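# Geometric and topological summary
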Amino acid sequence: MVKQVRKARNVRRRLPRGVVHIYASFNNTIVNVTDSNGNVVAWSSAGACGFKGAKRGTPFAAQMAAQQVVQKCTDMGMKRIEVVLRGPGAGRDTSVRALQAGGLAITLLRDITALPHNGCRPPKNRRV
């Protein structure tokens, strides 16, 4: 009978660089950190930080979520990040400032917010 060797679960990854995806909606701000292959290595959101209701959409809640992500990133040894912004929310600028203040060097700042070219089809005319 051959014994199977288990992998260690809590192996700390050492990542020198990563990509931070910030999704800022009007109701919440979600901050994801991925490696170069696109695998999520850390995340946080305003709701995960303990904010509820309308407070999740505030810039302060976005700042707290970004600070949590900075703590996780620095534990992994991350120094340089690329930032990808999406959404029209209030936490866009604040979360980027919190990443910078946490000691991470931002090498690229990209905005991929979807913009409608011609929008949705309007409703048909009302008949009275």
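The text that follows walks through the structure, step by step, so that each part is easy to find. The structure displayed is predicted, hence computed values, not measured ones. (Residues numbered from 1 in each chain as written. Predicted model: local features only at pLDDT ≥ 70, side-chain atom pairs only at ≥ 80, totals over all residues. Heavy atoms only, no water.)

## Comments concerning the nonpolar core
The test is simple: Buried residues of nine kinds, namely Ala, Val, Leu, Ile, Met, Phe, Trp, Tyr and Cys, make up a nonpolar core once their side-chain atoms join them within 4.5 Å. Each residue gets one of three labels from its accessible area relative to the maximum for its type: buried under 20%, exposed over 50%, partly exposed in between, using a 1.4 Å probe on protein chains only. Each helix corresponds to a stretch of at least 4 residues labelled H or I by DSSP, and each strand to a stretch of at least 2 residues labelled E; elements are numbered beginning at the N terminus. The contact definition used throughout considers only heavy atoms, calling two residues in contact when any of these lie within 4.5 Å.
If you look at the biggest cluster of nonpolar residues, it comprises 20 residues, and the most contacted ones within it are Val 20, Ile 22, Val 33, Ile 81, Val 83 and Leu 99. Of all elements in the fold, only strand 1 (17-24), strand 2 (29-34), helix 1 (59-75), strand 4 (80-86) and helix 2 (92-101) reach the threshold of two or more residues within this core. In terms of residue count, helix 1 provides more of this core than any other element does, five residues in total. Among residues more than four places away in sequence, those in contact with Leu 99 are Val 20, Ile 22, Ala 66, Val 70, Ile 81, Val 83 and Leu 104.

## What to know about helix 1
To keep things clear, this is the line we draw: Multiply 1.5 Å by the residue count of a helix minus one, and that product is the helix's expected span.
Compared with an ideal rise of 1.5 Å per residue, which puts 17 residues at 24 Å, helix 1 spans 25 Å between its outermost C-alpha atoms and is within 8% of the ideal. Listed in full, the buried residues belonging to helix 1 are Ala 61, Ala 62, Ala 65, Ala 66, Val 69, Val 70 and Cys 73. Looking at the packing, one finds that the buried side of helix 1 touches strand 2, strand 3 (40-45) and helix 2.

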